[in-house]
Amino acid sequence: MTTMKITGGSSITTQNGTMYITGLDADNDFTMIGLSGNYILNGQGGNDRLLLGESSSSFNVSSPDGTGGISVSNQNVAYYLQNFETIVFSDKTINLTGTQGPKLITGSQADDILTGSSSSESIDGGSGLDTLRINTVSHASTSLAANGDGSWSLTGSNVGSDTLHNIERIEFSDRMVALDASASGHAGQAMQFIGTIAPELLNNLGIRGTIISLFDQGYSMLQLCDLALKLDLVAHSTNSELVSDVYQNVIGGKASSSMGNALTQYVEEHGQAEFLATVASLSLNVDLVGLQNTGVEYLAG
């Protein structure tokens, strides 16, 4: 079902396939549900609302730099808003603060690439694996810090003062930064894997990027550990040899006889790949807590 209704009065014109709707200088409600095409909506004066009747995850919301308006779009419809105060979705309401507050950028349920600007912005990637692209700005020219509520603060002369929610990747001009550095996040798991298989490569940004990419593609820790064995990335001709190599990697020494025997017994009972995945999950030589405050820098392949 489609609905287009404007309360408070309006004028409507069409030009080159785009519908222009201008409200009166009063409080206007623009109800636009299930439509397709391009619309330019001007609320004029008063307290003006766009009512979409759908979930916010169905739309991308952005504030194009320098235009002063708000773009609300998905694969079927694009609304460009001027002089609006509120967007009402079925699951939440967004208050538009205009030029006095941060601009708003939101993603969808998909894996979004969201573009930042030099203005201060509130950016929410939503679900999916979302990337903030500011690839004209170097990482060193910004300051990035984790906040207590799970969001991130990104500041710099060329990015303004941004608050990031549900953003997993930041693309700078010189490198990427992954923000999902928890034990369940792809970047965190990548660092656990490298620390177990080849700790001497933990600071290699290219290797980090390769392993993060594999997790992003859907590989599990167990699958990558199995792949590492097939590629002979760790010594494993015998179970005891694997235990010795991995213990050296993560602890930095030789296991005692009793410890070595206990670990070898675990490998015999659970398999070599499961042993590697279990050791990796312990984060014995990777500071995930620290990385969750800074992000994981890497180079994309």
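Note: the structure precedes this text.
Summary of the structure given here. A quick note: this is a predicted structure, and the numbers were derived from the prediction, not measured.

**Brief notes about helix H4 (residues 239-251)**
Counting along an α-helix, one turn takes 3.6 residues, and residues three or four places apart therefore face a common direction. An ideal rise of 1.5 Å per residue puts 18 Å on 13 residues; H4 measures up with 18 Å between its terminal C-alpha atoms. Regarding H4, the residues found buried are Leu242, Val243, Val246, Tyr247, Asn249 and Val250. Projection of H4 onto a plane perpendicular to its axis shows the buried side chains occupying an angular sector of 160 degrees, all on one side. For H4, the elements touching its buried residues are helix H1 (186-197), helix H3 (221-230), helix H5 (257-270) and helix H6 (272-281). At the exit of H4 stands Gly252, carrying a positive phi of roughly 90 degrees.

**Concerning the sheet that holds strand E10 (residues 86-88)**
By definition, the strands of a sheet pair up through backbone hydrogen bonds, in either a parallel or an antiparallel sense. Spatial ordering of the open sheet is given by E1-E4-E6-E10-E11, a layout of five strands whose pairing is mixed. In the strand order of this sheet, the two ends are held by strand E1 (3-7) and strand E11 (93-95), each with one partner. Strand-to-strand twist of the sheet, defined as the mean angle between neighbouring strand axes without regard to direction, takes the value 10 degrees. The pairing of E1 with strand E4 (residues 29-33) spans five bridges and is antiparallel. Across the sheet, the residue bridging to Lys5 is Thr31, located in E4.

**Considering the packing of H4 against H6**
Close contact between H4 and H6 brings their axes to 11 Å; oriented N to C, the two are set at 15 degrees. Relative to H6, the element H4 is oriented roughly parallel. For the element pair H4 and H6, the recorded crossing hand is right-handed. Residues Asn239, Leu242, Val243, Val246 and Val250 of H4 form the contact with H6, whose own contacting residues are Gln272, Phe275, Leu276 and Val279. A breakdown of the residues in the contact of H4 with H6 according to their chemical character gives seven nonpolar, two polar and no charged.

**Side note on the pairing of strand E2 (residues 10-15)**
Two elements, E2 and strand E3 (residues 18-23), share six bridges in a ladder whose sense is antiparallel. The partner of Thr14 across the bridge, within E3, is Met19. In sequence, E2 turns back onto E3 through a hairpin of two residues, with Asn16 there showing a positive phi of about 50 degrees.

**Structural notes on the sheet that holds strand E19 (residues 169-171)**
An order of E13-E15-E19-E20-E21 is seen for the five strands of this open sheet, with the pairing classed as mixed. If you trace the sheet from one side to the other, it starts and ends with strand E13 (113-115) and strand E21 (296-298), each paired once. Here the strands of the sheet are splayed against their neighbours by 25 degrees on average, with no regard to which way each runs. Of the pairings in the sheet, the one linking strand E15 (residues 131-133) to E19 comprises three bridges and is parallel in character.

**Quick look at the side chain of Thr264**
Mapped onto the secondary structure, Thr264 falls in helix H5. Not counting residues up to four positions away in its chain, the partners in contact with Thr264 are Asn239, Ser240 and Val243.

**Description of the pattern of salt bridges**
Evaluation of the coordinates by the stated rule reveals seven salt bridges. The shortest N-O distance in the salt bridge between Arg175 and Glu297 comes to 2.5 Å. With Arg175 in the loop between E19 and strand E20 (176-178) and Glu297 in strand E21, this residue pair connects regions lying 122 residues apart in the sequence. With a closest N to O distance of 3.2 Å, Asp226 and Lys230 form a salt bridge.

**Regarding the layout of surface pockets**
Its volume calculated, the second largest pocket comes out at about 200 Å³. Looking at the second largest pocket, it is lined by 14 residues, and the ones nearest its centre are Phe193, Ile197, Ile207, Ile211 and Leu233. Listing elements by their share of the lining of the second largest pocket, those giving two or more residues are H1, helix H2 (205-216) and H3. Ranked by residues supplied to the lining of the second largest pocket, first place goes to H2 with four residues. Looking at side-chain class alone, the lining of the second largest pocket contains 13 nonpolar, one polar and no charged residues.

Scoring rules and cut-offs
- Residues numbered from 1 in each chain as written.
- Predicted model: local features only at pLDDT ≥ 70, side-chain atom pairs only at ≥ 80, totals over all residues.
- Heavy atoms only, no water.
- Helix = DSSP H or I, 4+ residues; strand = E, 2+ residues; numbered from the N terminus.
- Expected span 1.5 Å × (residues − 1).
- Buried < 20%, exposed > 50% of the residue type's maximum accessible area, 1.4 Å probe, protein only.
- Arc of directions from axis to C-beta.
- Contact = heavy atoms within 4.5 Å.
- Pairing = 2+ DSSP bridges.
- Axes fitted to C-alpha atoms, helices over the stretch in contact; angles between N-to-C directions.
- Parallel < 35°, antiparallel > 145°, perpendicular 65-115°, else oblique.
- Left-handed = near helix turned anticlockwise from the far one by under 90°.
- Nonpolar A, V, L, I, M, F, W, Y, C, P; charged D, E, K, R; others polar.
- Salt bridge = Lys/Arg side-chain N within 4 Å of Asp/Glu carboxyl O.
- 1 Å grid on protein atoms, 1.4 Å probe; cavity = no way out; pocket = protein on both sides within 12 Å on 5 of 7 lines; lining within 4 Å.
- Points joined across faces, edges and corners; volume = space filled by probe spheres on them.

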